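Now for the letters of each chain:
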Amino acid sequence: MFDGFSRKIDYLRLSVTDKCNFYCMYCRKKDLIYNTIDQLSKEEIFMIISAFKKLGIQKLRITGGEPFLRNDIFEIIDFAHSIGIKNINITTNGWLDTEKIKKVIKSPLKSINISLDTLEREKFRYVTGIDGLDKVLRAIDELKEYKRVKINTVLIRSVNLDEIEDLISYAKKSNIIIRFIELMPIGIANQIFEDEFVSKDEVIKRFKGIKEVATDKVSTAKYYYVEDFDYTVGFISSVSDHFCKTCNKVRVSSTGVLYNCLFDTNGLKLRDYLDAEELLLKKIEDFVKKKKLIRSLKSDMPMFRIGG
Ligand code: SAM
Ligand code: SF4
């Protein structure tokens, strides 16, 4: 499927729940009350994934909220695989017990992105509201032996600007990919954005020898070889250097609303068309044609609902 600017749209990011067991300071704070609103059922998710497969989606990322909180998450992954989607990936906070880790290893998931903003126990509790660092590190350790694991680290001035070097050393020692993500002004992150935002350039300037490495044209991450560490690290700089021109993705929220961009607030309610597949396909295609060339500057949408 193509949008109005001839960009090929073959990547779907699907938020399967807005529930989460963490309270990250930039996403879903503990002192706010969140009602889970009308989450998609397994059957609805199957219909949505099927429709997008028919429209040419080749890559699926399952996100949330915390996707592993759904009891049927492995059925969803297996279903996507059974209809021929080979590139299935998931983003998780890494709060996984042994049973789930075993299931992830056996699943057809191609890669697991795990969020990890700090290597210090107290800071981890401060960022996420949960005393969970050891559990997350254990999950990373076990999964990396069997699956492609990538660490997502949101740059937060008061939390991890002094930990960049330690995080790179950790990634190198564990032989996993690390990507530093610029804090985005979305949902409650708008409240801390001014104080906590750190740009990619501010981090890059700290290293003496640094060279950009060629990547896939549609990759949102840019990779740099850092001579000081003899290691390559990624940056997702969606604020300082947006990558709209090569965007190949659309998103579906946990309530079944299709958005052309993370920063959009107007979406298409897919639930209105789920009982008529032909109409559903047409509505999706027409909606995707309207995808804007450049994204908006900020959004009030909760990140845990649209899926990061
Ligand atoms: N719960 C899972 C997790 O934390 O990985 C998946 C959902 S979470 C919304 C997806 C990703 O979005 C995480 O890597 C998280 O750190 C990131 N994220 C959330 N809010 C963000 C913000 N305001 N700016 C940048 N990244 C953000
Ligand atoms: Fe939960 Fe992920 Fe949001 Fe953190 S970033 S509150 S883990 S959905």
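Residues numbered from 1 in each chain as written. Chains lettered and ligands numbered in written order. Predicted model: local features only at pLDDT ≥ 70, side-chain atom pairs only at ≥ 80, totals over all residues. Heavy atoms only, no water.

Participant: Honestly, the pairing of strand β5 (residues 148-154) in this entry has me stumped. Any pointers?
Facilitator: Strand residues, when the strand is regular, have side chains that alternate between the two faces of the sheet. Most of β5 sits inside the fold, with six of its seven residues counted as buried. Two elements, strand β4 (residues 111-115) and β5, share five bridges in a ladder whose sense is parallel. Bridge pairing in β5 places Ser-111 opposite Arg-148. (Buried < 20%, exposed > 50% of the residue type's maximum accessible area, 1.4 Å probe, protein only. Helix = DSSP H or I, 4+ residues; strand = E, 2+ residues; numbered from the N terminus. Pairing = 2+ DSSP bridges.)

Participant: What's the story with the site of ligand 2 in this structure? I'm lost.
Facilitator: Close to ligand 2 lie Cys-20, Phe-22, Cys-24, Cys-27, Arg-28, Gly-65, Asn-93 and Phe-304, which account for all nearby residues. Its residues assigned to classes, the shell around ligand 2 shows five nonpolar, two polar and one charged. (Near = heavy atom within 4 Å. Nonpolar A, V, L, I, M, F, W, Y, C, P; charged D, E, K, R; others polar.)

Participant: What is the right way to look at the sheet that holds β4 in this model?
Facilitator: The strand order β7-β8-β9-β6-β5-β4-β3-β2-β1-β10-β11-β12 describes an open sheet built from 12 strands, whose pairing is mixed. In this open sheet, the two edge strands, each paired with only one partner strand, are β7 (210-213) and β12 (268-269). Summarising the sheet, strand β10 (residues 249-252) and strand β11 (residues 257-259) pair through two bridges and their orientation is antiparallel. Directly across from Arg-251, in β11, lies its bridge partner Tyr-259. Strands β2 (59-63) and β3 (87-92) of the sheet are contacted by helix α2 (residues 73-82), whose axis makes an angle of about 155° with β3. Most of the contacts of helix α7 (residues 164-174) go to strand β6 (residues 177-181), to which it runs at about 155°, and overall it touches β5, β6 and β9 (231-236). (Contact = heavy atoms within 4.5 Å. Axes fitted to C-alpha atoms, helices over the stretch in contact; angles between N-to-C directions.)

Participant: Where do I start with the nonpolar core in this structure?
Facilitator: A general feature of soluble globular proteins is that nonpolar side chains tend to end up buried together. Residues Tyr-26, Phe-52, Leu-258 and Ile-284 are the most contacted members of the largest nonpolar core, which totals 103 residues. Residue contributions to this core peak at six residues, all from α2. (Core = buried A, V, L, I, M, F, W, Y, C linked by side-chain atoms within 4.5 Å.)

Participant: Looking at this structure, I do not really get unusual backbone geometry. What am I missing?
Facilitator: In terms of backbone geometry, most residues other than glycine have negative phi values and most peptide bonds are trans. Positive phi, close to 60°, is recorded for Ser-6, a residue that is not glycine. Tracing the backbone through its elements, the reader meets Ser-6 in the segment before β1 (11-15). We note that Asp-230 has phi near 50°; this positive angle belongs to a residue other than glycine. One can find Asp-230 in the loop between β8 (222-226) and β9. Residue Asp-230 is classed as partly exposed on the basis of its relative accessible area of 48%.

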